[in-house]
Amino acid sequence: MDDVLRPLIVVGGSVVLTLLLGWATDMLLRKADERHPETPLWGLLRRGRIPYQLVLCAALLRGSYVEARLFPDHRVGIGQTLTLVLIGSAAWLVIRIAAAVVETSYTRYANGRAHRDPARVRRVRTQVTLIRRVVSAIVGVVAVASMLLTFPAMRAAGASLLASAGILGIVAGVAAQSTLSNMFAGLQIAFGDMVRIGDTVVVDGEWGTVEEITLTFLTVRTWDERRITMPVSYFTSKPFENWSRGTPQMTGIVYWHLDHTAPLDAMREKLRDIVRECPAWDGRAYDLTVTDTTPNTMQVRALVTAKDADDIWTVRVTVREQMIRWLADEHPYALPRINTAEAALRRGLDGHRPSPDGVPTARHAQGPLEQ
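Anyway, here's the lowdown on the structure attached to this text. (Residues numbered from 1 in each chain as written. Predicted model: local features only at pLDDT ≥ 70, side-chain atom pairs only at ≥ 80, totals over all residues. Heavy atoms only, no water.)

**Notes on the overall build of the protein**
Alright, step 1. Helices and strands together make up the secondary structure of the protein, namely 14 helices and 8 strands.
Alright, step 2. Counting the 371 residues in the protein, one finds 31% classified as buried.
Alright, step 3. Within the protein, contacts between residues separated by at least 24 positions form 62% of all contacts whose residues are at least 6 apart in sequence.
Alright, step 4. As displayed, the protein has an accessible area near 23,200 Å², and 60% of this comes from carbon and sulfur atoms. (Helix = DSSP H or I, 4+ residues; strand = E, 2+ residues; numbered from the N terminus. Buried < 20%, exposed > 50% of the residue type's maximum accessible area, 1.4 Å probe, protein only. Contact = heavy atoms within 4.5 Å. Areas by Shrake-Rupley, 256 points an atom, 1.4 Å probe, with all protein chains shown as cover.)

Below is the structure:
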């Protein structure tokens, strides 16, 4: 009877105590979250209740399984398993706590500065994301190393591993050269303010928004909802356009190729009416000028402004469409066309026009007879 009650009491007591402590901790965090809605820390910490309960249960069982006399022939294996679970759940809990603290710090910063400096907020968001990934990677590596060191064979091999650490480091550095360069490039992007999450960029002729930045790759969401994934080292080794660098305000350009008789003054008035009726125009400036000419057409350029890259696209397409429609309805002669009219010939010395083949016209040939 004792062989049955002892394991039941030890294991059951550990599980019940774990559930009670987990429930009590969750209730305290919930009340703290209700009393302090200005900070998301307590609500984020509640996400760690599962690894927290695993740590409690593994620790209680690890300390009492010997007294339970459960599976005595497998005591070493059970102890090893509980140790591995304890290390893994502790690492999981540390990652959740670190993520909660970092996310809370970013939320407080964003709520206090978003209305004044959105670009700076995006920069901090990028840094926070990469810092969280670095912390997770470090904790994961330490946890795996700790698990491996619990095996006697790994502890015995530790001296030889340390002795050859220099050679292994050189070999690993050569083998992972591209990976290491991407990791350093990711840190350079995070703290060098080159590109941030939410920035509008143009890379390899593709226009899109930076959606995700990791230590090794970067994802750009294009306007047609495609995702372009590229190594972060691309942004430290090749030129690219960042439309969100500095202030997000932008100036857009719209070109038309029109006939030389196009009514420029009327087009300037129409451009004024179009931008005033466009909600995406920020009201800063607009202009219309002739920038180039060809034998058949002239190039007319309109400048418009908007508060960001999305709005400048809306203003440009609106101006282009409505101006073409207005010209087609009110001034169709201003649209480019192929000139098929007869060319005006140069008059001769006597005031008469020569024929196309150089022979005087009939009127010119009969001039002396008429005299």
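**Quick look at the packing of aromatic side chains**
Alright, step 1. Inspection of every chain in the model, using the stated rule, returns 1 aromatic pair.
Alright, step 2. For the pair W281 and Y286, a centre-to-centre distance of 6.0 Å together with 75° between the ring planes defines the contact as edge-to-face.
Alright, step 3. Taking the relative accessible area as the measure of exposure, W281 reaches 17% and is therefore buried. (Phe/Tyr/Trp six-rings, centres within 6.5 Å; stacked < 30°, edge-to-face > 60°.)

**Some thoughts on the environment of Y286**
Alright, step 1. With respect to the element layout, Y286 can be found in strand β7 (residues 281-293).
Alright, step 2. In this structure, Y286 is in contact with R268, L271, R272, V275, W281 and L303, ignoring residues within four places of it in sequence.

**Re the nonpolar core**
Alright, step 1. W256, M267, L271, V315, V319 and M323 are the most contacted members of the largest nonpolar core, which totals 26 residues.
Alright, step 2. Sorting the residues of this core by element identifies β6 (250-258), α11 (264-277), β7, β8 (298-306) and α12 (309-330) as the ones contributing at least two each.
Alright, step 3. For this core, the element with the most residues is α12, which contributes 7 residues.
Alright, step 4. For V315, the residues in contact, after removing those within four places along its chain, are C278, A280, W281, V304, T305 and A306.
Alright, step 5. The next biggest cluster of nonpolar side chains, apart from the first, holds 15 residues, and it includes V201, L215, V220 and Y234. (Core = buried A, V, L, I, M, F, W, Y, C linked by side-chain atoms within 4.5 Å.)

**Overview of α11**
Alright, step 1. In a regular helix each residue adds 1.5 Å, so 14 residues correspond to 20 Å; α11 covers 20 Å between its end C-alpha atoms and thus fits that length.
Alright, step 2. For α11, the set of buried residues is M267, L271, I274 and V275. Viewed end-on, α11 has its buried residues packed into an arc of 90°, placing them on one side of the element. Exposed positions of α11 whose direction lies more than 90 degrees from the buried face are D265, R276 and E277. (Expected span 1.5 Å × (residues − 1). Arc of directions from axis to C-beta.)

**Side note on the pairing of strand β3 (residues 217-222)**
Alright, step 1. When strand β2 (residues 206-213) meets β3, the two strands line up antiparallel, connected through 5 bridges. In the strand pairing of β3, T209 is matched with R221.
Alright, step 2. Joining the antiparallel neighbours β2 and β3 is a turn of 3 residues.
Alright, step 3. Of the strand pairs in this sheet, β3 and strand β4 (residues 227-231) are connected by 5 bridges, and their pairing is antiparallel. Looking at the pairing, T219 lines up with T229 of β4.
Alright, step 4. Between the antiparallel neighbours β3 and β4 lie 4 residues, among them E225 with a positive phi of about 70°. (Pairing = 2+ DSSP bridges.)

**Quick word on unusual backbone geometry**
Alright, step 1. The phi dihedral of D204 is positive, around 55°, even though this residue is not glycine.
Alright, step 2. Residues other than glycine seldom take positive phi values, yet E225 does so here, at roughly 70°.
Alright, step 3. Along the chain, E225 falls in the loop between β3 and β4.
Alright, step 4. Taking relative accessible area as the criterion, E225 reaches 63% and is therefore assigned exposed.

**Side note on α12**
Alright, step 1. Taking 1.5 Å per residue as the helical rise, α12 with its 22 residues ought to reach 32 Å, and the 32 Å between its terminal C-alpha atoms agrees with that figure.
Alright, step 2. For α12, the complete set of buried residues consists of A309, D311, I312, V315, T318, V319, M323, W326 and L327.
Alright, step 3. For α12, the secondary structure elements touched by its buried residues are β1 (200-203), β2, β6, α11, β7 and β8.

**A word on the environment of R62**
Alright, step 1. Looking at the secondary structure, you find R62 in helix α3 (residues 49-68).
Alright, step 2. In this structure the C-alpha to C-alpha distance between R62 and T81, which are 19 residues apart in sequence, comes to 9.2 Å.

**Some words on the pattern of salt bridges**
If the charged atoms of two oppositely charged side chains come close together, the side chains can form a pair.
Alright, step 1. Across all of its chains, the model carries 10 salt bridges by this definition.
Alright, step 2. D308 is the salt-bridge partner of K307, the closest N and O atoms lying 2.9 Å from each other.
Alright, step 3. By relative accessible area, D308 is classed as partly exposed at 22%.
Alright, step 4. When salt bridges with common partners are traced through the structure, they connect E206, D224 and R226 into a single cluster. (Salt bridge = Lys/Arg side-chain N within 4 Å of Asp/Glu carboxyl O.)

**Comments concerning the packing of α11 against α12**
Alright, step 1. In the contact formed by α11 and α12, the axes pass within 10 Å of each other and the chain directions differ by 135°. Taken together, the axes of α11 and α12 lie oblique to each other. In this structure, α11 crosses over α12, and the sense of that crossing is right-handed. Across the interface between the two elements, A266, M267, K270, L271, I274 and V275 of α11 pack against T318, V319, Q322, M323, W326 and L327 of α12.
Alright, step 2. Residues of the contact of α11 with α12, tallied by class, amount to 9 nonpolar, 2 polar and 1 charged. (Axes fitted to C-alpha atoms, helices over the stretch in contact; angles between N-to-C directions. Parallel < 35°, antiparallel > 145°, perpendicular 65-115°, else oblique. Left-handed = near helix turned anticlockwise from the far one by under 90°. Nonpolar A, V, L, I, M, F, W, Y, C, P; charged D, E, K, R; others polar.)

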